[in-house]
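Each chain, written out:
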Amino acid sequence: IGLPEIMVGIFPGAGGTTRLVRKMGAMTASPFLLEGKLSDPKKALSAGLIDEVVPADELMAKAKDWVLSEPRIVKPWDEKGYKMPGGAPYHPAGFMTFVGASAMVHGKTKGVYPAAKALLQAVYEGALVPFDTALKVEARNFVNVLMNPSSAAMIRSLFINKEALEKGANRPDVADQTVKKVGILGAGMMGAGIAYVSANAGIEVVLIDARQDAADKGKSYSEGILDKGISRKKVTEEKKQEVLDRITATTDYAALEGCDLIVEAVFEDVGVKAGVTEKTEAVIPSDAIFATNTSTLPITELAKASKRPDRFIGIHFFSPVDKMLLVEIIKGEKTGDVAVAKALDFVRQIRKTPIVVNDARFFYANRCILPYGTEGIRMVREGVSPVLVENAAKLVGMPIGPLQLTDVTSIDLNASIARATKAAMGDAYADDDTAEVLFWLEGEGRLGRKSNAGFYAYDDKGKRLGLWDGIAAKYPEADDQPSLTEVQHRLLFAQVLEAVRALEDGVLEDIREGDVGAILGWGFAPWSGGPFSWLDILGTPYAAERCDELAKTYGDRFATPALLREMADKGQSFYGRFGEGVDSKAA
Ligand code: NAD
């Protein structure tokens, strides 16, 4: 029971907000209204969210009795002498609630989610006036939010389309592929996480590593998560045992016999991956599906080590596996429908959201997120204040700034991606200037959060203190600083234009996946509904105009893609043109 509206960008209307606040008081109602907290019926009853809990088969009869009961039901706010629990806003206690709530909402939303602010306004102003007037205040705020394009975009991506993808909107029409036994190769950070989510979903797991102690360590990762769950009373000892019993940690490939799905998560090396592919295919049934969790290597290339490339696919998880909601499924050139269906059914079992994309450098998510970090670093190198860069990102709804993101994913990883990309692209590589910053930090031993030193300074315990002053010493801040919007547009267009190019190239087949994947995969400004929704909010003509200006000032990476230009000329929107998940090539 609860009021989850805020999660999709609106708030409880039709009197829901006004009634709940008058029933419970602003303070008690706030987790339900502001956080969309859900409770089981017993807790909802004791919190005062509902009046009575009855057996399911008596629901209608009891409800009718309740409505017809004598004396007639009078809601608390209609009682004589009613006072709002916890105090009205002009009461000292109520006043404190609102001071805190305003700060909290603004701190959490950075002002970019209209619903939370409008909700708070409806509650505050509603509490100052009689009930009927409060309903009007609520309705006006509600309509205001509803007419804001952010709300429609959030509902579309985070509710309707997310659910559609989870229910298999793009699943090929083949028989059920529910996974019974999964083999996981490599029990490192990713393999251990994948083993946990699989066993937790009731799937039998064989977790393989080159050494027994590494395999055991991978299994103990699950134990750690389950123990945490026990200490929070979310997991029982029996459940823990059940999940652990499903995981066999071993070095013996023979244990993979009978697996219907393999997920490979060994070192990011073509040779190592080819070796384990061959060893595994010698043991598993010929109709099993082999998936790789590679984050950078082309699936078509890795499939060459397989005798059954139609049964070879990419299933790309994000780290940490147990927390991240998105899984990116990548089709190689020869990947068949059964492999896609298998991957989708597996993702459904582990209760995550899938997107299905075609094979290309960095697939979809990494392709879009890498330029975000790069653009932030490029600005710092140009003399834009790192504080401005980081705050501009957060004020436009990105969960973390591009410099912090680079610290989190580690400077050396980003440096090695830069080296590999340059090697692969040759003269076409255009990021030498930002790579220089990465190589410098790497040379200084500032590898990011893991080494307690990067763009940020950290204390001994790893707590982030603030931007490292060595950055300003090396790249002094220019006297003229760009506007907030200019920095935000550079950071957003860097990502969004990659998404448009991915659609143009046919890497993305469905803009719904592009939007949902961006929000769940790397936290792209959720208020916008995703990159394509954001372009629709701007309007394609204005978006193209902005790209032209950015390209003129900062270079070709902002050049308006042909598709966007054409749509701008025709005045089309992305959802108007590709709304039903049309194949980009066909369109
Ligand atoms: P990791 O180094 O933590 O784990 C790799 C594991 O594979 C190690 O335990 C190693 O002992 C084992 N291994 C290596 N060779 C083996 C072999 N021949 N047989 C059996 N086991 C072997 O690495 P990771 O971060 O878990 O990454 C694994 C894969 O997942 C890589 O392909 C990586 O690109 C990809 N990936 C990583 C991330 C991330 O954020 N770390 C995200 C998505 C995908």
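Use the structure listed above.
Parameters at a glance
- Residues numbered from 1 in each chain as written.
- Predicted model: local features only at pLDDT ≥ 70, side-chain atom pairs only at ≥ 80, totals over all residues.
- Heavy atoms only, no water.
- Patch = residues over 30% accessible without salt bridge, like charges linked within 9 Å, V, L, I, M, F, W, Y side chains within 5 Å.
- Areas by Shrake-Rupley, 256 points an atom, 1.4 Å probe, with all protein chains shown as cover.
- Salt bridge = Lys/Arg side-chain N within 4 Å of Asp/Glu carboxyl O.
- Helix = DSSP H or I, 4+ residues; strand = E, 2+ residues; numbered from the N terminus.
- Buried < 20%, exposed > 50% of the residue type's maximum accessible area, 1.4 Å probe, protein only.
- Near = heavy atom within 4 Å.
- Polar contact = N/O pair within 3.5 Å; in protein donor to acceptor, adjacent residues only side chain to side chain.
- Nonpolar A, V, L, I, M, F, W, Y, C, P; charged D, E, K, R; others polar.
- Pairing = 2+ DSSP bridges.
- Axes fitted to C-alpha atoms, helices over the stretch in contact; angles between N-to-C directions.
- 1 Å grid on protein atoms, 1.4 Å probe; cavity = no way out; pocket = protein on both sides within 12 Å on 5 of 7 lines; lining within 4 Å.
- Points joined across faces, edges and corners; volume = space filled by probe spheres on them.
- Phe/Tyr/Trp six-rings, centres within 6.5 Å; stacked < 30°, edge-to-face > 60°.
- Lys NZ or Arg CZ within 6 Å of the ring centre and 35° of its normal.
- Contact = heavy atoms within 4.5 Å.
- Core = buried A, V, L, I, M, F, W, Y, C linked by side-chain atoms within 4.5 Å.
- Parallel < 35°, antiparallel > 145°, perpendicular 65-115°, else oblique.
- Lys, Arg positive; Asp, Glu negative; His and termini not counted.
- Charge placed at Lys NZ, Arg CZ, Asp CG, Glu CD.

**Concerning a nonpolar patch on the surface**
A cluster of nonpolar side chains, Trp-66, Val-67, Leu-68 and Ile-73, forms an exposed patch at the surface whose accessible area comes to about 390 Å². Mapped onto the secondary structure, Leu-68 falls in helix 4 (residues 59-68). Overall, Leu-68 belongs to the exposed group, its relative accessible area being 66%.

**What about the pattern of salt bridges?**
Two side chains bearing opposite charge may form a pair once their charged atoms approach each other closely. With the rule as written, the count across this model stands at 36 salt bridges. Glu-375 is the partner of Arg-378 in a salt bridge, and the nearest nitrogen-oxygen pair spans 3.1 Å. Taken together, the residues Arg-378 and Glu-375, both in helix 15 (residues 365-382) and three residues apart, mark about one turn of the helix. Residue Arg-378 shares its accessibility class with Glu-375, and that shared class is buried. Here Arg-490 ties to Glu-382 by a salt bridge, and the two come within 2.9 Å at their closest N and O atoms. Here Arg-490 is found in helix 21 (residues 484-504), whereas its partner Glu-382 is found in helix 15, with 108 residues between them in sequence.

**Let's talk about the site of the ligand**
Neighbouring the ligand are 21 residues, the closest being Met-190, Asp-209, Glu-268, Lys-273 and Ser-295. Gly-188 is positioned with one of its backbone polar atoms (N or O) 3.4 Å from an oxygen atom of the ligand. At a separation of 2.7 Å, an oxygen atom of the ligand approaches a polar side-chain atom of Asp-209. A total of 830 Å² of accessible area belongs to the ligand in isolation, and the protein chains cover 76% of it. Among the elements that take part in the shell around the ligand, helix 12 (residues 270-281) stands out by supplying three residues, more than any other. Its residues assigned to classes, the shell around the ligand shows eleven nonpolar, seven polar and three charged.

**Remarks on the sheet that holds strand 2 (residues 204-208)**
Taken together, the eight strands give an open sheet; going across it, the order is 3-2-1-4-5-6-7-8, and neighbouring strands pair in mixed fashion. For this open sheet the edge positions go to strand 3 (247-250) and strand 8 (353-358), each flanked by a neighbour on one side alone. When strand polarity is set aside, the average angle formed by the axes of neighbouring strands in this sheet is 25 degrees. Pairing between strand 7 (residues 326-331) and strand 8: six bridges, direction parallel. Each residue of the ladder has a partner; that of Leu-326, found in strand 8, is Thr-353.

**Section: empty space enclosed by the protein**
In this structure the tally under the stated criterion is three cavities of 30 Å³ or more. Volume-wise, the largest cavity comes out at about 40 Å³. What lines the largest cavity is simply Thr-17, Thr-18, Val-21, Arg-22, Ala-122, Val-123, Gly-126 and Ala-127. Elements with a minimum of two residues in the lining of the largest cavity: helix 1 (16-24) and helix 6 (114-127). Of the residues that constitute the lining of the largest cavity, the class distribution is four nonpolar, three polar and one charged.

**Details of the pairing of strand 4 (residues 261-264)**
Neither face of strand 4 is open: one carries Leu-261 and Val-263, the other Ile-262 and Glu-264, and all of them are buried. In terms of strand pairing, strand 1 (residues 181-185) meets strand 4 through four bridges, oriented parallel. Across the sheet, residue Gly-183 finds its bridge partner in strand 4, namely Ile-262. Alignment of strand 4 against strand 5 (residues 289-292), held across four bridges, turns out to be parallel. Among the inter-strand pairings, Ile-262 is bridged to a residue of strand 5, identified as Phe-290.

**Some details on the packing of aromatic side chains**
In total, this model carries twelve aromatic pairs according to the counting rule given. Judged by centre distance (5.6 Å) and plane angle (85 degrees), the ring pair of Phe-11 and Phe-142 falls under edge-to-face. Here Phe-11, found in the segment before helix 1, pairs with Phe-142, found in helix 7 (residues 131-146); they are 131 residues apart in sequence, far enough to count as distant. Taken together through their ring pairs, the aromatic side chains of Trp-440, Trp-468 and Tyr-475 make up a single cluster. Here the guanidinium or amino end of Arg-156 rests over the ring plane of Tyr-575, the centre of that ring lying 3.5 Å away. One Lys or Arg, Arg-361, reaches over the ring of Phe-362 and ends 5.6 Å from the middle of that ring.

**Here we look at the side chain of Gln-349**
Residue position: Gln-349 is located in helix 14 (residues 337-349). Each residue touching Gln-349, except ones within four places of it in the same chain, is listed here: Thr-178, Val-179, Ala-201 and Ile-203.

**Here's the deal with the nonpolar core**
Of all hydrophobic cores here, the largest spans 94 residues; its most connected members are Tyr-364, Phe-532 and Phe-574. In this structure, Phe-532 is in contact with Tyr-364, Ala-499, Val-500, Leu-503, Leu-508, Ile-511, Gly-514, Asp-515, Phe-574 and Tyr-575, ignoring residues within four places of it in sequence. Of all hydrophobic cores here, the second largest spans 38 residues; its members include Tyr-196, Ile-247, Val-321 and Leu-344.

**Description of the packing of helix 21 against helix 24 (residues 540-554)**
Running from N to C, helix 21 and helix 24 point in directions that differ by 105 degrees, and their axes come no closer than 11 Å. If you check the angle between helix 21 and helix 24, you find them roughly perpendicular. On the side of helix 21, the interface is formed by Glu-486, His-489, Arg-490, Phe-493 and Leu-497, while helix 24 contributes Tyr-542, Ala-543, Arg-546, Cys-547, Leu-550 and Tyr-554. For the contact of helix 21 with helix 24, the residue count by class is seven nonpolar, one polar and three charged.

**Here we look at a positive patch on the surface**
Taken together, Lys-37, Lys-43, Lys-228, Arg-232, Lys-234 and Lys-323 make up a surface patch of like positive charges. Accessibility expressed as a relative area gives 59% for Arg-232, which makes it exposed.

**A closer look at unusual backbone geometry**
Put simply, Glu-70 and Pro-71 share a cis peptide bond, and its omega is -10 degrees. Mapped onto the secondary structure, Pro-71 falls in the loop between helix 4 and helix 5 (92-109). In the segment running from Ser-319 into Pro-320, the intervening peptide bond is cis, with an omega of -5 degrees. Along the polypeptide, Pro-320 turns up in the loop between strand 6 (312-317) and strand 7. In this structure, Ser-410 is a non-glycine residue whose phi angle is positive, near 90 degrees. By secondary structure assignment, the location of Ser-410 is in the loop between helix 17 (402-409) and helix 18 (411-425).

**Some points on the side chain of Thr-406**
Tracing the backbone through its elements, the reader meets Thr-406 in helix 17. Residue classification places Thr-406 among the buried positions, given a relative accessible area of 3%. Among the polar contacts listed, one links the side chain of Thr-406 to the backbone oxygen of Pro-402, at a separation of 2.7 Å. For Thr-406, the contacting residues outside a window of four places in its chain are Gly-373, Ile-377, Ile-411, Asn-414, Leu-438 and Phe-455.

Such coordinate-based values are descriptive only and should not be taken to indicate function.
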